[in-house]
Amino acid sequence: MSNIKTTVTNPVKRKLLRWNHLCILTETGEVIKVNRLIDWLNAKPFKTFCLMDKPKLGVTVVTAFLAIDYSYGRAPNPIAFETMIFGGRRNNETYRYSTIQEARLGHKKVLKSFM
């Protein structure tokens, strides 16, 4: 990670630079938490992950890497993947996961639930 020392006078920007709920996804699919925004922005390579399917007319299922730990430090592993349903009676239904494997499996389970 970056060893650059940054001096910021804006209190909002200062808080963002120390925010510790940001994550990066490695080439191997591992989620790593970073302590500062500048480290997150400088992460190389920055990997993304997104699956999208339309299991029926008017419904879209999306699973993505969020780059934020949605456990906010309350879980042993970062929760950085999310499956969300858009449209239909289950609109905005959401599931979150810690690993890329859980996210892929969860995406498949949601798709099967529409069959």
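Report follows, based on the coordinates. What you see is a predicted model; the values in this text were computed from it and never measured.

Parameters and conventions
- Residues numbered from 1 in each chain as written.
- Predicted model: local features only at pLDDT ≥ 70, side-chain atom pairs only at ≥ 80, totals over all residues.
- Heavy atoms only, no water.
- Helix = DSSP H or I, 4+ residues; strand = E, 2+ residues; numbered from the N terminus.
- Buried < 20%, exposed > 50% of the residue type's maximum accessible area, 1.4 Å probe, protein only.
- Contact = heavy atoms within 4.5 Å.
- Areas by Shrake-Rupley, 256 points an atom, 1.4 Å probe, with all protein chains shown as cover.
- Core = buried A, V, L, I, M, F, W, Y, C linked by side-chain atoms within 4.5 Å.

**Considering the overall build of the protein**
- Of the regular secondary structure elements, the protein holds three helices and six strands.
- Each helix (α) and strand (β) of the protein, taken in turn from the N terminus, gives the series α-β-β-α-β-β-β-β-α.
- Counting over 115 residues, the protein shows a buried share of 38%.
- Of the contacts made within the protein by residues no fewer than 6 positions apart, 38% connect residues no fewer than 24 positions apart.
- For the protein, the computed accessible surface area is about 7,700 Å², with 56% contributed by carbon and sulfur atoms.

**A word on unusual backbone geometry**
- Positive phi outside glycine occurs at Ala67, with the angle close to 70°.
- Structurally, Ala67 can be placed in the loop between strand S4 (59-65) and strand S5 (81-86).
- For Asn92, which is not a glycine, the phi torsion comes out positive at approximately 70°.
- With respect to the helices and strands, Asn92 occurs in the loop between S5 and strand S6 (94-97).

**Some points on the nonpolar core**
- Listed in full, the 11 residues of the largest apolar core are Cys23, Leu25, Val31, Phe49, Phe65, Ala67, Ala80, Phe81, Tyr97, Ile100 and Ala103.
- Only strand S1 (22-25) and helix H3 (100-112) provide two or more residues apiece to this core.
- Discounting residues that sit within four places of it in the chain, Ala80 has contacts with Cys23, Val31, Ala64, Phe65, Leu66, Ala67, Ile68 and Tyr97.
- Of all hydrophobic cores here, the second largest spans six residues; its members include Val59, Ile85, Val110 and Phe114.

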